[in-house]
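Summary of structural features
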Amino acid sequence: MICGILTNEQKEIVTNQMFNDKSYFNPVKDNFDNWVIFEQEMDCKYPEFAFVTTLPLIEFVPIPRPI
Amino acid sequence: MIIATHGIIQSKAAAAGGYDTDAQAFFTAADPTGLIFTTTQKDAVNAMVVSMKASAPSGSSIWSKLIAIYPMVGGTTLVPAPHTFNLKDPRDLNDAYRLYFGGSWTHSNLGAIPNQSNTFANTYINTNVLSQNSASVWYYSRDYNYSAEIMGVINNTSTKNGIQFQLRDPTYGGNSYSCIMGQEAGEGDNSVYKTGLLGLSRISSSQYKRYGRFSGTVSSATVITADRTSTSASLLALPIFLAARNVGGTIIDEYSNSGCSFAAIGSGFDAAEAASLNNIVQTYQTALSRNIY
């Protein structure tokens, strides 16, 4: 799954903000300590968050979970 | 012009008279333009409402025992709004327990599909609006190839008091643990079938029941009950999440990838009520051609 990398500043900007009229951004950490968001969030049409449409993309590697 | 106006009036009258008033209120709120829901979708929702109101195997109707019903119908990823509305109270308000989605869900005619990485839905239903010894949660799960919570809210990860509805793929360690209005039971469920309508229900202070289709044929619709010993505990002023676990209101974890085609929350159901709800929801999914068995 592809995700977009946020800077720490960008993460603070989008946290608790909405990317459409019914959905919130929810940045999470990947296994390389990046803050990331995913496809639908990066489709945001709100101009104040236009930067999310051009985030650098990487393959998402989740933090391993304990069995 | 006169003919056109007359036609519109006739159409509205037929619509108003054709559906149950609660079903119609949901259609009006979730699809104010009237351009989203198909007749098939409306008929399916209406039939579900009528059946829930008519079914009362233990005295109270299924409809009256639920405070939130999420039909998960009509939404798309571009327009998720229809998936947010609570059929029991279709106002666009937190107080009406309408959903807010977090993260990158996919919304389609199958329902709302979480991505197991950052998706959750806030119901705004704190467990303390339910009763300590009478509560239930329900989720029509489409798949389960991961280990996560399809519904959850707990106080912390030590005592795990609250609601925890885990689906754990055997490759991730086997047993699925759960709790409702109490601490996690020591017994897990490694054989529980993890698709279809799944439920947790507490109707006593010492025990809750887990409902689902246990291992068997895929076509089996038999609802099996598993009793879990668990003392009920004090309630939380924290909301129940779908497809993840709300931990103390500060952490979200155990993100699920189990597609949701229906969810509901209410008071405790006995086995007869659970079987009735299962039949009604399965009929609803079949009418929408998205039943998984």
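The structure under discussion appears in the preceding block.
Note that the coordinates shown come from a computational prediction; the quantities given were computed from them, not determined experimentally.

1. So, the overall build of chain A
When its secondary structure is counted, chain A shows two helices and six strands. Secondary structure elements in chain A, listed N-terminal to C-terminal, are β-α-β-β-β-β-α-β. For a compact globule of 67 residues, the expected C-alpha radius of gyration is about 11 Å, and chain A comes in at 12 Å, within 12% of that figure. If one aligns the C-alpha atoms of chain A with their principal axes, the spans along those axes are about 40 × 25 × 20 Å. Across the 67 residues of chain A, 28% fall into the buried class.

2. Thoughts on the pairing of strand β13 (residues 239–242) of chain B
Residue and element names in this part refer to chain B. Here three bridges tie strand β5 (residues 120–126) to β13, and the two strands are oriented antiparallel to one another. Paired with N126 across the strands is P239, a residue of β13. When strand β7 (residues 147–154) meets β13, the two strands line up antiparallel, connected through two bridges. Looking at β13, one finds that M151 is bridged to L242.

3. Focus on helix α2 (residues 21–30) of chain B
Of the residues making up α2(B), those classed as buried are B:D22, B:A23, B:F26, B:F27, B:A29 and B:A30. As for α2(B), its buried residues are in contact with α3 (39–54) of chain B.

4. What to know about the interface of chain A and chain B
Across the boundary between the two partners, chain A contributes 16 residues, which contact 15 residues of chain B. Listed by contribution, the elements that provide at least two residues to the side of chain A that touches chain B are β3 (23–24), β5 (35–38) and α2 (39–42) of chain A. For the side of chain A that touches chain B, the element with the most residues is α2(A), which contributes three residues. The pairing of β3(A) with strand β2 (residues 100–102) of chain B spans two bridges and is classified as parallel. Counted as the bridge partner of A:Y24 is B:G102 from β2(B).

5. Remarks on the nonpolar core
Nonpolar side chains in soluble globular proteins tend to end up buried together. By size, the foremost hydrophobic cluster in this structure holds 77 residues, and its most contacted members are B:V137, B:Y139, B:M151, B:F241 and B:A264. Ranked by size, the runner-up nonpolar core spans eleven residues in total, among them A:F19, A:V28, A:I37 and A:F38.

6. Some thoughts on the pairing of strand β6 (residues 135–141) of chain B
Residue and element names in this part refer to chain B. For β6, the tally of buried residues reaches seven of seven residues, placing the bulk of the element in the interior. Residues of β6 alternate between two faces, with A135, V137, Y139 and S141 on one and S136, W138 and Y140 on the opposite face, all of them buried. Across seven bridges, the pairing between β6 and strand β10 (residues 196–202) is antiparallel. Within the sheet, the bridge partner assigned to S141 lies in β10 and is G196. Where β6 meets strand β16 (residues 260–266), five bridges bridge the pair, whose relative direction is antiparallel. For V137, the partnering residue across the bridge sits in β16 and is I265.

About the criteria used
- Residues numbered from 1 in each chain as written.
- Chains lettered and ligands numbered in written order.
- Predicted model: local features only at pLDDT ≥ 70, side-chain atom pairs only at ≥ 80, totals over all residues.
- Helix = DSSP H or I, 4+ residues; strand = E, 2+ residues; numbered from the N terminus.
- Rg over C-alpha atoms; globule rule 2.2 N^0.38 Å.
- Buried ≥ 20, exposed ≤ 12 C-beta atoms within 10 Å, placed from the backbone.
- Pairing = 2+ DSSP bridges.
- Contact = placed C-beta atoms within 7 Å.
- Core = buried A, V, L, I, M, F, W, Y, C linked by C-beta atoms within 7 Å.

Note that all results are geometric; they support no functional claim without further evidence.
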